[in-house]
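Structural overview
Listed here are the chains, written in short residue letters.
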Amino acid sequence: MDSSTKVGMKEEEEKPHVLVVDDSLVDRKIMERLFTNSACKVTTAENGQKALELLGQGEDKHNNINHQALKINLVVTDYCMPGMTGYDLLKKVKESCDIKEIPVIIVSSENVPTRIEKCLKEGAQEFILKPLKQSDVKKLRCQMQFTQPMKGRLCMGR
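Residues numbered from 1 in each chain as written. Predicted model: local features only at pLDDT ≥ 70, side-chain atom pairs only at ≥ 80, totals over all residues. Heavy atoms only, no water.

1. A look at helix H5 (residues 113-122)
For H5, the full list of buried residues reads Arg115, Ile116 and Cys119. All buried residues of H5 project into a common sector of 100° when viewed along the axis, lining one side. Across from the buried face of H5, at angles greater than 90 degrees, the exposed residues are Pro113, Thr114 and Lys121. Lining the buried residues of H5 we find helix H4 (86-95), strand E4 (104-108) and strand E5 (126-129). (Buried < 20%, exposed > 50% of the residue type's maximum accessible area, 1.4 Å probe, protein only. Helix = DSSP H or I, 4+ residues; strand = E, 2+ residues; numbered from the N terminus. Arc of directions from axis to C-beta. Contact = heavy atoms within 4.5 Å.)

2. Remarks on the environment of asparagine 111
Within the fold, asparagine 111 resides in the loop between E4 and H5. Here the alpha-carbon distance between asparagine 111 and lysine 130, two residues 19 residues apart in the chain, equals 9.3 Å. Not counting the four nearest positions on each side in its chain, asparagine 111 is found in contact with Ile116 and Leu129.

3. Notes on helix H2 (residues 25-37)
Since the α-helix packs 3.6 residues into each turn, any two residues three or four apart lie on the same face. The terminal C-alpha atoms of H2, which comprises 13 residues, lie 18 Å apart, in line with the 18 Å expected from a rise of 1.5 Å per residue. Where H2 is concerned, the buried positions are Arg28, Met31, Leu34 and Phe35. Take H2 and look down its axis: the buried residues cluster within an arc of 130°, on one side only. In H2, the exposed positions angled more than 90 degrees off the buried face are occupied by Val26, Arg33 and Asn37. Remark: alanine 39 follows H2 within two positions and exhibits a positive phi of approximately 60°. (Expected span 1.5 Å × (residues − 1).)

4. Regarding the pattern of salt bridges
Evaluation of the coordinates by the stated rule reveals eight salt bridges. For lysine 130, the salt bridge identified is with aspartate 78, shortest N-O distance 3.3 Å. Taken as a pair, lysine 130 in the loop between E5 and helix H6 (134-143) and aspartate 78 in strand E3 (residues 74-78) lie far apart in primary sequence, 52 residues in all. Using a relative accessible area of 21% as the deciding quantity, one classes lysine 130 as partly exposed. The exposure class of aspartate 78 is buried, given its relative accessible area of 5%. One network of salt bridges, with partners in common, ties together Asp22, Asp27, Asp78 and Lys130. (Salt bridge = Lys/Arg side-chain N within 4 Å of Asp/Glu carboxyl O.)

5. Quick notes on the packing of aromatic side chains
Scanning all chains against the criterion turns up zero aromatic pairs. Looking at lysine 118, its charged tip hangs above the ring of tyrosine 87, at a distance of 4.3 Å from the centre. (Phe/Tyr/Trp six-rings, centres within 6.5 Å; stacked < 30°, edge-to-face > 60°. Lys NZ or Arg CZ within 6 Å of the ring centre and 35° of its normal.)

Following this line, the structure appears as structure tokens:
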């Protein structure tokens, strides 16, 4: 392995890793592009159950010894999804000893104050109305937890 490959791998490891969860392919692609443009590594899931599996919390977590959970720095999930809602996913993340420290952002196209309040009380870091904008992502990028301290990184608000 040459030194440029090692540098590229190190840079990839230092990028914050975002898990985007949305049942809409179009919304997943938009959010993936926004986070990628903000120097993030992005993994997507089409539903809450798939997201839990990626986080190492799937139903078979005790049976699958070789299962490696991804190191995720931020979960961004749609509120309205069939099966497991974004709120349900938020509750499962916050109930888990292994992953409860991962910040969860809820996004929705519906501005329902009681829903927003419920999500924030349950532990959502933020509730953002769709469509997500690059300025939203830049703000979130600064709030993410990193696996290692980032030297010389300055957080600027919107």
